[in-house]
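Spelled out from the first residue to the last, the chains are:
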Amino acid sequence: MPCLEFFAKQPQSYRDGVLPPGVPRVAIEAAAPQSWYRWVGEGGTILGIERFGASAPYQRIYKELGLTVERVVDAAQRLLAAPRGAR
């Protein structure tokens, strides 16, 4: 989602078309993930960086901080495997 603020201003019908209600969601944010909680909902999963002060080439820092393909796939699989009421 390139602009959360612009998306928030769209009609509910448009937002529901992009993010259908009841569909599990995973957000990946290479910075502070707070802005995504609104869009993933209570049953969603967010992978983000909750701390400051680390710097390195992105390949290294993403691996060290857990923003890897493997972790994203694992989070999505766990979300999809969870019973509907637990999401």
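Residues numbered from 1 in each chain as written. Predicted model: local features only at pLDDT ≥ 70, side-chain atom pairs only at ≥ 80, totals over all residues. Heavy atoms only, no water.

Applying the stated criterion across every chain yields a total of two salt bridges. When the shortest N-O distance is used, the salt bridge between Arg60 and Glu64 registers 2.6 Å. With Arg60 and Glu64 both in helix α4 (residues 58–65), this residue pair falls four residues apart, about one helical turn. Overall, the relative accessible area of 51% leaves Arg60 in the exposed class. Between Arg78 and Asp74 there is a salt bridge, with the nearest N and O atoms lying 2.9 Å from each other. (Salt bridge = Lys/Arg side-chain N within 4 Å of Asp/Glu carboxyl O. Helix = DSSP H or I, 4+ residues; strand = E, 2+ residues; numbered from the N terminus. Buried < 20%, exposed > 50% of the residue type's maximum accessible area, 1.4 Å probe, protein only.)

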